[in-house]
Amino acid sequence: MTATTARPAGTRGGGTAPVIEMRGIRKVYRSGRIAVEALRGIDLDVHPGEFVAVVGPSGSGKSTLMNLVGCLDTPTAGTYRLDGEEVSGLTLDRLADIRNRKIGFVFQGFHLLPHLAVYENVELPLVYGGVPARRRRERVMELLEQVGLADRAAHRPSEISGGQAQRVAIARALAMDPAIILADEPTGNLDTASGSDVMDLFSELHRRGRTLVVVTHDPALARRAARVVHLRDGRIVDDHGEPAPPPTPQEPPEGGPRIAGRGPS
Amino acid sequence: MRPLLVFRLFLRASRVRRKRAALTMAAIAWGTLSLLLLLAFGEGLRERLVTANDAMGRDIAITWPGTTTRPFAGLPSGRFIPLRAADVPLLRARVRGLDGLVGEAIRWNVSLRVGRRVRNTAVIGTEPGYGRLRNHVPRPGGRFLDAADMRERRRVVFLGDALAADLFGEGVDPVGRRVLVDDVPYLVIGVMRHKFQISNYATPDEDHAVIPLSTWRAQFGSSDLNDLVLRPRDPARMEATLRGIREVLAAKYRFDPGDEQALPAWDTVKTGRVMRAILYGVEVFLGLIGALTLVVGGVGVANIMYAVVRERTREIGVQMALGARRSWIVGVLVLEAAWYTLAGGGAGIALALGVVAVLERVPLPEDGGLALLGRPHVSPAVGIAAAAILGAVGLLAGWFPARRAASIQPADALRTE
């Protein structure tokens, strides 16, 4: 049995515009004469402030969906509006800009650049985004403090633990104050303790009004999410959860990146 | 394109494997060294050959008495046309655009004696202008013939350097001493400075014994000339000048002015042009060989960059995910390739200049093959050519691998675990 509507039960739909709005998304991979349908018609809405977990067996199309949401790939059919902007048909350079400004990635393998220090890793999206040097410095130190790693700013990724690396990655993802945080198995390579730290961080971000979409096998992480979307064989088969808590009232971000709330981390 | 950003990203690019970088830069350095040295030796060869060719006289022509091959004004062909001393002032007055024209009279098998040393050689009688036209430059302390020598029919002689050494021995200054020319004592007024020379006629310049034409006529009793030596003011007008000379002499001696065999001429402007063209061809050929060697080095750089792209695939995927544009990624890789090439090229250039500088200090043998090849010369044109080729090689070596990087799909790259 498949559910194709993706409006979470009891949500405040209609009032706030969805930050992710997908309709009829299909993705077909072609290799010679073999075609693989990874996604067979996905309709998905994610509203600002939601914490969504995407779960499903391997081969269900989770990674493909992740890539499409993150504008790392384009759908074969369907429409995708991110933060109100239609994404299909955009040029590669424009997509790069969108990834820079609107999406914060967190990967299972952390994917920090090994030859750059922690500080420079977090700084990288700001460099791409053309943020001036002084503002970059302020922002990076803000973020490192928020994840509790300001004292590791000069270290190389090889000199910090896995849990710390993932927290650096999260700081990097937050750098340009993106519309969504997109995480692919963020606790997959972490031990229980570090994984728990990272999950706490995600919960904290959610509490402050961040929109989080997380693909995960980890039931503990899925539990933390308010909404769980089940994928199987390229379709959404289940989508339920408590309504997302209303975001803490604050001014909408203007212009340059600003931290969403401040507090002990 | 944001070049400043790309440069900043280039500075943050991955550290390279040191050994790999060193080997690549060594290949480029070697290629640059080869290119520069080949071009420099080619340039040096050309310079030396042109100098040697001009040693006989720059942009001059020699004309000889000849035989008519056409009948003219009732006179048959096969007539011998002489050259006489009186023709020289006639030609100087009538032919336009002359920088200089002198007559040369040669007496063969004259014995020259100093003490017990004897040489049987030719004695040349000519005018002071000959020294300038034929590059007979006296060593310091001596001089060539002058107008007073001609006027007073002085018994003075200017000796070629080899002849002077034969007669007086090394280490003796012949100037001011006497030599017996067919038992007539002459005063040596100058010795020729040694020339590196490849062209000649009659006798080698280094064996010359030159006396004033008036003295020559008094001693040997003839007013016939063996040849004329001339130079037009504008080398481009050599052929017109030769034609002018033929016309004047044809009127005097009555032969067809179009009959070139009546007054054969050796036009060194024309032969010099041919030689220069050949030498440019040689230089281009050498440059091509050097450039090919450099290109091979460039292939090495490209190889490295392909490996770099392969190794950095995931890193590039991450950068794209964070918002890096493809053109920035391409730009960084091209800059890296350019950096390898310029660093290696700089080393090659420094080495080449060093080799050239060392060779400049090494004394050259006076004549022979090494004298021709032993003076490589790096001209600005050579330097610019080398730099341009280096730049092109570096950019291309980076361009193709970088294009492959630009085609990386971030989704695939990130999946690489």
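Source: prediction; values computed, not measured.

Caption draft 1: Region of interest: the overall build of chain A. Check the secondary structure of chain A and you find 7 helices and 10 strands. Going through the 265 residues of chain A one by one, you find that 48% of them count as buried. A separation threshold of at least 6 residues defines the contact pool for chain A, and within that pool the share at least 24 residues apart is 74%.

Caption draft 2: Structural context of the confidence of the model for chain B. For chain B, the mean per-residue pLDDT works out to 89, and 97% of the residues sit at or above 70. Per the prediction output, this complex has pTM 0.70; the corresponding ipTM is 0.82.

Caption draft 3: Main features of the nonpolar core. Among the nonpolar cores identified, the biggest contains 131 residues, and Val54 of chain A together with Leu36 and Leu333 of chain B are the most heavily contacted of them. Among the elements that take part in this core, helix H2 (residues 18-54) of chain B stands out by supplying 13 residues, more than any other. In this structure, Val88, Val123, Leu133 and Phe168 of chain B belong to the second largest nonpolar core, which totals 51 residues.

Caption draft 4: Expanded view of the packing of helix H3 (residues 87-94) of chain B against helix H8 (residues 238-253) of chain B. Residues and elements named next belong to chain B. H8 packs onto H3 with a crossing angle of 125° between their chain directions and a minimal axis gap of 10 Å. With respect to each other, H3 and H8 are oriented oblique. In terms of crossing hand, the pair formed by H3 and H8 is right-handed. On H8, the residues touching Asp87, Leu90, Leu91 and Arg94 of H3 are Ile245, Val248, Leu249 and Lys252. Its residues assigned to classes, the contact of H3 with H8 shows 5 nonpolar, no polar and 3 charged.

Caption draft 5: Highlighting the pairing of strand S10 (residues 235-241) of chain A. Residue and element names in this part refer to chain A. Bridge count between strand S9 (residues 227-232) and S10: 6 bridges; the pairing is antiparallel. Of the residues in S10, the one forming a bridge with Arg227 is Gly241. Here S9 folds back onto S10 in antiparallel fashion, the turn holding 2 residues, of which Asp233 has a positive phi close to 50°.

Caption draft 6: Representation of the environment of Gly41 of chain A. Residue and element names in this part refer to chain A. Here Gly41 lies in strand S2 (residues 34-46). Judged by C-beta crowding, with 16 C-beta atoms within 10 Å, Gly41 ranks as partly exposed. Separated by 83 residues in the primary sequence, Gly41 and Leu124 have C-alpha atoms spaced 35 Å apart.

Caption draft 7: Summary view of the environment of Thr271 of chain B. All names here are of chain B. Relative to the assigned elements, Thr271 resides in helix H9 (residues 268-311). A tally of 12 C-beta atoms within 10 Å means that Thr271 is categorised as exposed. Note: C-alpha distance between Thr271 and Leu390 (119 residues apart in sequence) is 36 Å.

Caption draft 8: Fine view of the interface of chain B and chain A. Contacts between the two partners involve 17 residues from chain B and, on the opposite side, 23 residues from chain A. For the side of chain B that touches chain A, the secondary structure elements donating two or more residues are helix H10 (313-322) and helix H14 (410-415) of chain B. It is H10 of chain B that contributes the most residues to the side of chain B that touches chain A, 5 residues altogether. Classifying every residue of the side of chain B that touches chain A by side-chain character gives 8 nonpolar, 2 polar and 7 charged.

Caption draft 9: Quick peek at the sheet that holds strand S1 (residues 20-31) of chain A. All names here are of chain A. Read from one edge to the other, the open sheet built from 4 strands follows the order S2-S1-S4-S5, with strand pairing classed as antiparallel. Pairing within the sheet leaves two strands with one partner each, and these edge strands are S2 and strand S5 (85-86). In this structure, S1 lies alongside S2, joined through 10 bridges in antiparallel fashion. Among the inter-strand pairings, Ile20 is bridged to a residue of S2, identified as Val46.

Caption draft 10: Summary view of the domain arrangement of chain B. All names here are of chain B. You can read the domains of chain B as domain 1 (3-54 + 272-415) and domain 2 (61-267). Between domain 1 and domain 2, the contact holds 6 residues from the first and 5 residues from the second. Looking at the side of domain 1 that touches domain 2, the element that brings in the most residues is H2, giving 3 residues. Partitioning the side of domain 1 that touches domain 2 into residue classes produces 2 nonpolar, 2 polar and 2 charged.

Caption draft 11: Main features of the packing of helix H5 (residues 162-174) of chain A against helix H6 (residues 192-207) of chain A. Residues and elements named next belong to chain A. With their axes 9 Å apart at the nearest point, H5 and H6 run at an angle of 20° to one another. Relative to H6, the element H5 lies roughly parallel. Remark: the crossing between H5 and H6 carries right-handed chirality. Where H5 approaches H6, its residues Gly162, Gly163, Gln166, Arg167 and Ile170 are matched on the opposing element by Ser194, Asp197, Val198 and Leu201.

Calculation notes
- Residues numbered from 1 in each chain as written.
- Chains lettered and ligands numbered in written order.
- Predicted model: local features only at pLDDT ≥ 70, side-chain atom pairs only at ≥ 80, totals over all residues.
- Helix = DSSP H or I, 4+ residues; strand = E, 2+ residues; numbered from the N terminus.
- Buried ≥ 20, exposed ≤ 12 C-beta atoms within 10 Å, placed from the backbone.
- Contact = placed C-beta atoms within 7 Å.
- pLDDT = per-residue confidence, 0-100.
- Core = buried A, V, L, I, M, F, W, Y, C linked by C-beta atoms within 7 Å.
- Axes fitted to C-alpha atoms, helices over the stretch in contact; angles between N-to-C directions.
- Parallel < 35°, antiparallel > 145°, perpendicular 65-115°, else oblique.
- Left-handed = near helix turned anticlockwise from the far one by under 90°.
- Nonpolar A, V, L, I, M, F, W, Y, C, P; charged D, E, K, R; others polar.
- Pairing = 2+ DSSP bridges.
- Domains from an automatic or database assignment.

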